Amino acid sequence: EVIQHALDHFDEAREQEFYIPCRNGAQLPVIVSGRHLEGPPPLSNHRIITVIGISQQKRAEHEVQERYRDIATLSDTILEQALELKNYSRNLEERVRLRTQELHKANMEAIFMLAVASEAKDRDTGSHVRRIEHSARLIAKELGLSESESDRIGYSAILHDVGKIHVPDAVLIKPAALTKEEWVTMRQHTTAGERILSREPFFDVARDIARSHHENYDGSGYPDGISGNAIPLSARIVRVADVYDALTSVRPYKHAWSREKAAEEIHDGVDIQFDPQVVAAFLKLFERNELPAANATTRSSIGTQPG
């Protein structure tokens, strides 16, 4: 059919692939081209036909196709492995996330048990540290700290008084003013709390709070007498939250204050005991009635700007 087509169109220039049958039954790939010879008759009355074998080119083409198929197969395998690795990585990340949550939960349970132990002699066991946790978290968020930073300050604040475990009962629950010597003993709960807490990074903020939550903004606090921004922000936040809760709570040596009186006391302590910015955040929360307090006395209005 191909030969007949070529004969029927003999005068047309052409070039095409063709297979020449061999005696052994194989087919020899060739390129057949034909064109008129250029020039005047009788030269132009002749046609030149060339037949060029392309077996090597065909073999090369076949090898390229085979390699392409191998590469395509390899690519599919690599893609499947990549997808499997991605799924494995996703599953691993999920397992790590769940394990991290479990460790965090275990740490939090340990924190709360340790905090309750430190407050065991208080009739308000557990409630005080939970209020401090909540207040510290709210103040931190009001200051613009991130959710994770605020949460960390909140749960670290639970351990602010853990060092009281080392304070003798006679001093800790004495229903009267402490002597000078007893105050020295009481103040040691800050450094004792820092020592109790592990050196693990998880407790970094808790250690800062335990040591420095009785430092005053003007440098008159303890145990180090540091002032201003030298006091860790977490400790400055807990200082306000702790004083507010202490004032509104019943203690062996005092009655509970009303919320508004406690807020006024904190307002008056700006630049002396308390960081002005922390107090400003506290008072905004107070005005919105968002702060927990030990007593439920109805509060009156107070300015939100520290004097």
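Refer to the structure above for everything that follows.
As a starting point, this report considers the structure included with it. Small disclaimer: the values here were computed from a predicted structure and weren't measured.

Attention now goes to the overall build of the protein chain. Scanning the protein chain for helices and strands turns up 11 helices and 3 strands. For the protein chain, the sequential pattern of α-helices and β-strands runs α-β-β-β-α-α-α-α-α-α-α-α-α-α. Taken across its 307 residues, the protein chain has 35% of its residues classed as buried. In the protein chain, 54% of the contacts between residues at least 6 apart in sequence involve partners at least 24 apart. When the accessible surface of the protein chain is split by element, carbon and sulfur atoms take 54% of a total near 18400 Å².

For histidine 213, the location among the structural elements is in the loop between helix 8 (204–212) and helix 9 (233–247). A polar contact is formed between the side chain of histidine 213 and the backbone oxygen of alanine 210, at a distance of 3.2 Å. A polar side-chain atom of histidine 213 sits 3.3 Å from a polar atom in the side chain of histidine 214. Apart from residues lying up to four places away in sequence, histidine 213 is in contact with His160, Asp161, His189, Thr190, Asp208, Ala235, Val238, Arg239 and Asp242.

A rise of 1.5 Å per residue sets the reference length of helix 11 (residues 276–287), with its 12 residues, at 16 Å; its end C-alpha atoms lie 16 Å apart and thus fit the reference within 8%. Turning to helix 11, its buried residues are Val278, Val279, Ala280, Ala281, Phe282, Leu283, Leu285 and Phe286. Taking the backbone nitrogen of glutamine 277 as reference, a side-chain oxygen 2.9 Å away marks aspartate 275 as the first, capping residue of helix 11.

The subject of this paragraph is empty space enclosed by the protein. Applying the stated criterion to the full structure yields 1 cavity of 30 Å³ or more. Here the largest cavity defines a volume of roughly 30 Å³. Lining the largest cavity are Glu215, Asn216, Tyr217, Ile231, Arg236, Arg239, Gln273, Phe274 and Asp275. Broken down by class, the residue content of the lining of the largest cavity amounts to 3 nonpolar, 2 polar and 4 charged.

Our focus in this paragraph is the packing of helix 9 against helix 11. Running from amino to carboxyl end, helix 9 crosses helix 11 at an angle of 45°, the nearest separation of the two axes being 10 Å. In terms of orientation, helix 9 and helix 11 fall into the oblique class. Helix-helix and strand crossings are classified by hand; for helix 9 and helix 11 the assignment is right-handed. The segment helix 9 lies against helix 11, with Leu233, Arg236, Ile237, Val240 and Tyr244 engaging Val278, Val279, Phe282 and Phe286. Taken together, the residues of the contact of helix 9 with helix 11 break down into 8 nonpolar, no polar and 1 charged.

Further remarks concern unusual backbone geometry. In the segment running from tyrosine 222 into proline 223, the intervening peptide bond is cis, with an omega of 10°. Its place among the elements puts proline 223 in the loop between helix 8 and helix 9.

Moving on, we come to the sheet that holds strand 1 (residues 14–21). Judged by pairing direction, the sheet is antiparallel, and its 3 strands sit side by side in the order 1-2-3 without closing on themselves. Each end of this open sheet is capped by a strand with a single partner; those strands are strand 1 and strand 3 (47–53). Strand-to-strand twist in this sheet, taken as the mean axis angle between neighbours without regard to direction, amounts to 30°. In this sheet, strand 2 (residues 27–36) lies alongside strand 1 in antiparallel orientation, the contact comprising 8 bridges. Each bridged residue has a counterpart across the sheet, and for phenylalanine 18 the counterpart in strand 2 is valine 30.

A word on a nonpolar patch on the surface. On the surface, Ile20, Leu28, Ile49 and Val51 cluster together into a nonpolar patch covering about 300 Å² of accessible area. Within the element layout of this structure, leucine 28 appears in strand 2. Of the residues examined, leucine 28 reaches a relative accessible area of 32% and is grouped as partly exposed.

Here the structure, examined in full by the defined rule, presents 5 aromatic pairs. With centroids separated by 5.1 Å and ring planes inclined at 80°, the aromatic side chains of phenylalanine 202 and phenylalanine 203 adopt a geometry described as edge-to-face. Residue phenylalanine 203 is classed as buried on the basis of its relative accessible area of 14%. Both rings, one in phenylalanine 282 and one in phenylalanine 286, keep their centres 6.3 Å apart while their planes meet at 25°; by these two values the pair is stacked. A residue pair is termed a helical-turn pair when its members lie 3 or 4 positions apart in one helix, as phenylalanine 282 and phenylalanine 286 do in helix 11 at 4 residues. The pair phenylalanine 282 / phenylalanine 286 is uniform in exposure class, with both members buried.

Once that is clear, we can look at the nonpolar core. Of all hydrophobic cores here, the largest spans 31 residues; its most connected members are Ile139, Val240, Tyr244, Ile266 and Phe282. Among the elements of the structure, helix 3 (127–142), helix 4 (147–157), helix 8, helix 9, helix 10 (259–268) and helix 11 are those that each provide at least two residues to this core. Apart from residues lying up to four places away in sequence, valine 240 is in contact with Ile139, Ile266, Phe274, Val278, Val279 and Phe282.

About the cut-offs
- Residues numbered from 1 in each chain as written.
- Predicted model: local features only at pLDDT ≥ 70, side-chain atom pairs only at ≥ 80, totals over all residues.
- Heavy atoms only, no water.
- Helix = DSSP H or I, 4+ residues; strand = E, 2+ residues; numbered from the N terminus.
- Buried < 20%, exposed > 50% of the residue type's maximum accessible area, 1.4 Å probe, protein only.
- Contact = heavy atoms within 4.5 Å.
- Areas by Shrake-Rupley, 256 points an atom, 1.4 Å probe, with all protein chains shown as cover.
- Polar contact = N/O pair within 3.5 Å; in protein donor to acceptor, adjacent residues only side chain to side chain.
- Expected span 1.5 Å × (residues − 1).
- 1 Å grid on protein atoms, 1.4 Å probe; cavity = no way out; pocket = protein on both sides within 12 Å on 5 of 7 lines; lining within 4 Å.
- Points joined across faces, edges and corners; volume = space filled by probe spheres on them.
- Nonpolar A, V, L, I, M, F, W, Y, C, P; charged D, E, K, R; others polar.
- Axes fitted to C-alpha atoms, helices over the stretch in contact; angles between N-to-C directions.
- Parallel < 35°, antiparallel > 145°, perpendicular 65-115°, else oblique.
- Left-handed = near helix turned anticlockwise from the far one by under 90°.
- Pairing = 2+ DSSP bridges.
- Patch = residues over 30% accessible without salt bridge, like charges linked within 9 Å, V, L, I, M, F, W, Y side chains within 5 Å.
- Salt bridge = Lys/Arg side-chain N within 4 Å of Asp/Glu carboxyl O.
- Phe/Tyr/Trp six-rings, centres within 6.5 Å; stacked < 30°, edge-to-face > 60°.
- Core = buried A, V, L, I, M, F, W, Y, C linked by side-chain atoms within 4.5 Å.

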